[in-house]
Structures are given as structure tokens and as C-alpha cells.
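Letter by letter, the chains look like this.
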Amino acid sequence: MALLELTHLQKQYANLGVVRDLNLEVAEGEVLCLLGPSGCGKTTTLRMVAGFLQPDGGDIRMDGKSLLRLPPERRPTGMVFQRYTLWPHMSVWHNVAFGLGLRRRPRAEIEQRVKDVLELVGLPEMARRYPAQLSGGQQQRIALARALVLEPRLLLLDEPFANLDAQLRERMRDELLSLQRRVGITMIFVTHDQAEALVLAHRIAVMREGNLEQIAAPDEIYNRPATRFVAAFVGTMNLLEGKVSAGQVIAGPFRFPVPSGLKDGETVTLAIRPEDLAFASGGFPVRTVQVANLGHYRRATLQTSEGGELLAFTGGEIPSEGLVQASRVLVYGASGKLAGVLEPQALAQVKP
Amino acid sequence: MQPVRRLEAVWFMRVPQMRRALLWILVLALGFFLLMPLLTLVLWAFADVWRYPSLLPQMYSLKWWNWVFHNGNLGKSALWSFTTAPVVVLLAWVICLPAAYAFSRLNFPGKRFFFVALLAADSFPRFGIYISVATLFFQWGLIGNYWGVVLVQLINVIVTMTWIPTAGFDGVPRELEEAARDSGANPLQVFWRVTLPLALPSILVASILAFLSAFDEAQGTLVVGAPDITTLPVLMYSLVANYPEPVGAVFSILLSIPNLLLLIFARRILLSGYLAAGFGVR
Amino acid sequence: MKNSWREALIGLCLAALPVAAMFVLVVLPAFEGLRFSLGYVPGDNPAYSTGSHLVTSSTPTLEVYRTLLSSPFVQADLRLTLTVTLFTVLLILLVGYSLALLVRFGPGRLGAAVRSLYLIPMFVPVVIAAYAFITLYGSRGWLDALLHHVGIGYRSPIYGIPGIVMGLVWSHLPFATLLLGSGLDALPEEQVEAARDSGAGFLSILWRIILPLNLTPTMIVAAFSGISVLGSYTVPALLGPNAPQMVGVAMEQYFGAYRQPQGAVALAMITFALAAAIGALYVWGISRTRRHG
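Here we summarise the structure given alongside this text. Quantities reported herein were computed from a predicted structural model and do not represent experimental measurements.

### A look at the interface of chain C and chain B
Argument step 1. Taken together, the contacts link 92 residues of chain C with 92 residues of chain B.
Argument step 2. In total, chain C and chain B occlude about 8,300 Å² of area from one another, counting both sides; carbon and sulfur atoms represent 82% of this.
Argument step 3. Between the two partners, chain C and chain B, sit zero salt bridges.
Argument step 4. For the side of chain C that touches chain B, the element with the highest residue contribution is helix H1 (residues 2–37) of chain C, accounting for 20 residues.
Argument step 5. Grouping the constituent residues of the side of chain C that touches chain B by class yields 68 nonpolar, 15 polar and nine charged.

And the structure:
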């Protein structure tokens, strides 16, 4: 049985985004990332699980029992916030020991557990400091320790690294990953940073305007985005508007076979990852507009014969003019749903 | 480039030394304006003979201190002052702090209206109020009465004690309260252990201002408290009018001591922006 | 929905406390006073009913106001009050800004010196301040003596308009400087630097960048000190002329010396109307800047 189940969860009026009929499950030990642009309802969802918001409809169950009637302090969840995470008037030690003190644990046990958890987050020597004396990264680690020390069944993280600079954010992400894999705690992690989601999550739930667009493993999200929105939101993607006409999908210079289920005349969107575009002996003519060297690969901005622009990531040669070929194309119908994936065999059938 | 040349009219502003000198002259003038009246007062307090046009007293003595201390009214007035002002602050806490919390954290109809209505009532000219209040108090038997004086002094502190702490509560991030809920604290524990400690500086600022205002209040106290209750400022009025300069000077210094102690203690928190936040700056 | 009802109820109950206190201690007496000034003389109120020159009427009448406003003395009092209020507010802004700017942009030692100076008047009771002003600026006071030695003639500002204005500026400075200073602190350093970068001198930075960005605190200071000066009593009573007087002093005289409580109360109503006008101006200004900001 899943540890946490959200069924038909709804919240109509929320300044951080509405939630419409959300259904999802989180398994024991799993890391689920809620990913989406701001206002998509991901934070609203997290706050309903924590108990800071009361849903308008639906249920939140943990181990099969509803949490709805429990106030935040009685829910077995621990939360790490984006900003203002630590109480500035208490030392690190008191911040971490706060919850244990409320639970009236014996002094010796509190001492031991605070010591252990500070070691776990790698800051055992900071106990006597005050939050103002810590760096942003250290504050977030202490906030994590404060949540972990109470041994919650479920850890909720609301963009905990959003206020840190890029380098530190990456390091914190890796630390959190290794910590989670060691401790095995279940986590729901809210972020708008897809790299964070792709690295941390066992599964990613992509949300948009209160709806769940797709929930799947990171690989699946990246390789087979279920909707046009996910395709555009996760990773870099070339999107081309096109049309089904006379047994072909026509988009810019491209001509592709029609996947099943698309009607003649229907507008479609083609999505091609930049790494799936390569110069070849055959294909469509393009002109190279700009090349940026990104270390282990290069990014080429290409112009098609019809004026559209395409991005290609490649390690190989980039001529100033040439023919490119797509090795993998995703086709989205008018509804925005994935209609089909064109693999090399299918693509080979068509000539420009 | 044309508009920039206009500034050259003040040619000496372009010379750094001149600019510095001008700045210092300005500061000294302000310093004179702010401090000099008080310094003359201090000199007067220790003067025995000081005849015009001498810049310093011709003879010094402590005889007026002696006189003031042996004036029976001083002790009595001090007692009245120190029993009314702190009670005014306490009463203001009870009345205003829960409201400040409500204005900051709770949603209720008419919130904005009540908040501004307090200010509107506060801008009514004091003396007009004191006259009318006195007639009401007369009907309620509060004239010449301790509680009448406390209530009349309370009028001046309600807005301060509501507005500034409201900004203080506003300044406590919700995340900090939610983190405490999340750690297992119930709403009451959250208030006592997180919200209140973090809003405390603003409450202190409001309390200091309230104390000063109650302690210095003379007009209303005179109207409502007379003839039995004379606080120190009320006594000051009659001393200024009826005795030689040194008496008023000695008395002024005595009356300033508690305030100056408060100033030394409170300077830092007063400067930390809570007062301004209370009046909606930022 | 049940929760929000409970919240609204608790909120109303808590907020009602100071509002009720203000109602009983200010609004109710003010309303009583208004009725009295319109001719309803309560018989059970000796402070009102024993006054001289009483206008008694069973229907509201503006007789008291008519008599009052047609008196050349009261007219002079009102003119003086408005003049003093205008000059005092302007000077408070000028000096307050100078101090706040010194604290914010002055060289380190200077800023620190000013910072420890300007709070002092807040902690000195007004009576004492007024008294100190007399010993310093009064005729045959310290300044008089100093100028006598230098050989410059001196006319004391005390017991004239300048005396009132100086005393009022002095006592209102801490509040003004604190508020203006907080506004300046909130001003982003980058915007001033950007202006400096594009070659603007100090005066144009002040006029074109700092003042417009600091408009809200400026209006707060102007409105609050304006209202406070309008109804002030202690400073004008001790430092002002015998006639004409500020309305605050006139009220006291009508009530005490002339034994005309009705006139005193009517003067209070007139002052309140003026204060309300300032308040309305302030609310209008704030809502305008909020919309544009």
C-alpha cells in the first residue's frame, strides 16, 4: 500500500495556485518531485499535505487513514521552507531541539538526537551559533535537521534551495540525494527547477494550472513527455507547429509519416530534442547562425530554409551550411496529447 | 551639459574643504539648536547668582536643589507620576496588543476601517477632548480620581500601542510560525514561543513611547486630576509660573532623569525602524 | 467556511477593544461637545451649564460659531494658527530631511554624531523644553548675553511667532527624522549610485531621485506633525504671544479665564475640522502614490 494517497484533492481559492481534482500516490521511501511553473498548484498541494491549508474537496490519506482532521502539529510530516526557515531568536541547538522539547523527551535523549542529526547534515560544530551567523546553505541544512530530528514519516520540501546561488544549489541537491538514499526517508519535493527534479526524484509529477500533466520516472518524463506542455517545460526542445495533410505531417521543412489517430487537417506540434538533430548526408537544408561552445558539446543555432530556428546539440562538426536529420520526433495532436513517437525507421521512409 | 553648469554658481561647493566646512557648520548649528536649550537649563540649576549679561553664573550653589527636595509636593507628585504612567502602559497592553495581533493576523470585516478610524479619533485636538471628557468623568465620578487620570492619559497611547505592534506582528514571517506548527507546537505555543518573542522589539518601542507620553502628559491630568492629583509635569507648570528660574531648572533635570535613562536603554531599538514601520513607511 | 467565521468573530472582538476605548474616551465626548456647541446645553452637567454667554436652543443652531468666527480676535487666532502650522511643518521637513540625510549619507563620524543627537527631544517633556527655550532665547537669556558681548543687537523670538515655531520644530524633530530616515534607509543604494553614475550632482539626486521615492514618509511626517501642531498647547502657551494666540491656548482661555465652555468646545470643533482636512489630504495623497508606485 502507498504511504500517502491524494484522492480528488481540490482547492479553489489559493493565492499560490489552485488545485483541481488531483490524484496521486507516494510509496514508502520514494522521492516525488512536484514540478511546474509558479502558480501551478504545487505549493498549494504541499501545504495541504502539511495541514496549513484545508482542501475544498478530496482526501489526503497516510497509511490508509485520513489526515484531514489533524492540525499541522499532529501530522507525521516535517517541512523545510524556501525562506525564513530558522527561528532567529533561538540558537541552532534550540531550533533543532524545539520539537523534541514539546514532546517532553528526556534531556539525554534530546542531546543525543540533536547531536546525531547535526552530524547527519554535516554541521556538528554549529550547535551554539545563531541563524544570523550561518550562511544560506548552512541555514537550509539546519532546517533539514530540524525536520529530520522528529523522524517524520514524510518530509516535505518547498523549493528549499531556490534562494541559494547556482553552485551551492547543485551541491545541496547532491547532498540531499545522498542523505535520502542513506536514510531512506519518503519525500515530496516541490521545485520549478527541472534539473533538481530530474536528479532527485524517483518520480516526477508535472503540474500545470492545478492539473497533473504527467507523473512518471525522470527518464520517461524526459524521453516521452505525455503532453505538449511537459515537452516544452522539461529540458530544451525544438517545437514546430504543423499540420496533417495528404498522409503527411508537414511542419516547416519537415515531412513525416502520420502516427495513428490523427485526422487529416489537424494541427499538430512536433517536438525534437536538440541532441536528436544532427548533420547528415541527407535531410533538410539549414544554415548555421551561431555556435556556442559549452565544453563537452556545442550548441548550434540553425536557420531552416523557411526562416524558422532550430537548436542542435552536437559533439561533431558544424558546417556553415548543410543537411540535418532528426533521429527522434515526438508528435502532439491538437489536444496537446502525445500522438506518437517517430523513431529512425519511420523517419527514414520520408524524403523531403 | 548645460544644466550641470548651473550648479557652478555655488562655486565653493566644488571645493571639498569648503564643502566639509559647510557640512560641519550645519551640524554644529543643529547641535546648538538641539542641545543648547538643555545646557542653559543645566547651568541655571546650579546657579545661585547669574546676572545678565554674564555668559556663566557668577555664583554656583546647590541651594535650589535643597529647596526642591524639601518641597513636600515633589515626593507626592513623583509618586503620582510613577503610579499612573506604568499603569497606563499596562492597561494599553491589555487593550491594544490583542487587537494588534488581530489586525496583523486575522481576517475580519471592517479591519481596514477600524484601523484608520483609530487614527481619525486620534487627530481630534486634545484640549477639546479633555474638556468634554472632564464633563463625562464628572458624571461618572472620575474627577480628582486616580483612574480618571489613568484613563485620560490612556487616550494618547492607544494608537501608538496598536499601530506599532501591528507592524511588529506583520514583520514575523508566517513561515516561522508554520515551521513551529510543523514541529508539533499548537497555536498557543507558537504564539508564546515564536510570534511574541519576534514581535517583542516593536512592543518595547511602543511601550517606551507610551510611557513617555503618559509621563509627560500635563493638560488632561490637570483638567481631570485637579486638585488632588498633581503629577510631576503638572507641578512643573505651577513652578515655572511662580518661582525663580533655578527652581524650574532643577525640577526639569529631575523630571528628565527617568526619560534619559530610558533613552540610553532604548536608543538602539528606537533606531531600528519599528516606529517607522508602525506608521506605514516601507 | 466555519473556520473563517470563527476567525472573523475573534478578530472583531479583539479589535473592538481599542476601538471601544477610543469611542468612549474620544468620540463620545467629542459628540457631546458637538451637541453642546450647537446649543443643546445638558442641565445635569455643571461644567457646561454654568458657563457664561451660553447659547441655549432646542434645535441645532450655529449661533456659537457665528459669534466666534465674527470676532476679530478669533479670526486673528485662526490666522496665527494656520501660519504657525504651515511654517512649522515646512521647517520640520527641512530640518528633519537635513538630519536624515546626514545620518544616511554623511561621513561616518558625522552620521554617528547626528544619530545620537536627534532623539533627545523625544525624551524631554515639552514643558521642560519650552522652559529651556525661555532661558536660552528669552530676552536677557544666554543668547542675548552672548550677542551683547559680540556687540550685535538681539530681539528675542520668545513671545512671538518665531518662538512658537522654534519650540514646535524642536519637539517634533525626532519623530520626523526617524520616519524620514527609515524611508531613506529603505531606498535602494543602486538607484542613488545609478544617478551619480550618470553625472547628477547632490542637489539633483535629492530633487529628482530621493524626494520622489521618499514621498510616503514625507507625507506621513507632514500630516502627523501638521495635525499635532494645529492642536498644540504647551509650547504656544509658554513661548507664544499673549494675543493673538494659537487655538489650543485660546480654547484653554475660553474654558478657564473667560468661563465660556461653549466657545472652547466650538473652537475644538473648528480645529478638528482643520485637522480632518489635513487627514483627508494625507489619505488622498497616500492612495495616489500607492496607485502610481
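There's plenty left to go through after this.
### Topic: the pattern of salt bridges
Residues and elements named next belong to chain A.
Argument step 1. Tallying each qualifying case throughout the model produces 24 salt bridges over all chains.
Argument step 2. Between Asp174 and Arg173 there is a salt bridge, with the nearest N and O atoms lying 3.9 Å from each other.
Argument step 3. Residue Asp174 is classed as partly exposed on the basis of its relative accessible area of 41%.
Argument step 4. Owing to a relative accessible area of 13%, Arg173 belongs among the buried residues under this scheme.
Argument step 5. Residues participating in the shared-partner salt-bridge network are Glu5, Asp59 and Arg61.

### Looking at the environment of Ala121 of chain B
Argument step 1. Here Ala121 of chain B lies in helix H5 (residues 111–122).
Argument step 2. Its relative accessible area of 10% is what places Ala121 of chain B among the buried residues.
Argument step 3. The spatial distance from the C-alpha of Ala121 of chain B to the C-alpha of Val68 of chain B is 39 Å, given a sequence separation of 53 residues.
Argument step 4. Each residue touching Ala121 of chain B, except ones within four places of it in the same chain, is listed here: Met22, Val26 and Val27 of chain C.

### Some thoughts on the packing of aromatic side chains
All names here are of chain A.
Argument step 1. Going through the model one piece at a time under the given rule, you end up with 30 aromatic pairs over all chains.
Argument step 2. Between Phe52 and Phe81, the aromatic rings sit 6.2 Å apart at their centres with planes inclined by 35°, giving tilted as the arrangement. Taken as a pair, Phe52 in the loop between helix H1 (42–50) and strand S4 (57–62) and Phe81 in the loop between strand S6 (77–80) and helix H2 (92–102) lie far apart in primary sequence, 29 residues in all.
Argument step 3. By relative accessible area, Phe52 is classed as buried at 17%.

Analysis parameters
- Residues numbered from 1 in each chain as written.
- Chains lettered and ligands numbered in written order.
- Predicted model: local features only at pLDDT ≥ 70, side-chain atom pairs only at ≥ 80, totals over all residues.
- Heavy atoms only, no water.
- Contact = heavy atoms within 4.5 Å.
- Buried area = accessible area lost by both parts, 1.4 Å probe.
- Salt bridge = Lys/Arg side-chain N within 4 Å of Asp/Glu carboxyl O.
- Helix = DSSP H or I, 4+ residues; strand = E, 2+ residues; numbered from the N terminus.
- Nonpolar A, V, L, I, M, F, W, Y, C, P; charged D, E, K, R; others polar.
- Buried < 20%, exposed > 50% of the residue type's maximum accessible area, 1.4 Å probe, protein only.
- Phe/Tyr/Trp six-rings, centres within 6.5 Å; stacked < 30°, edge-to-face > 60°.

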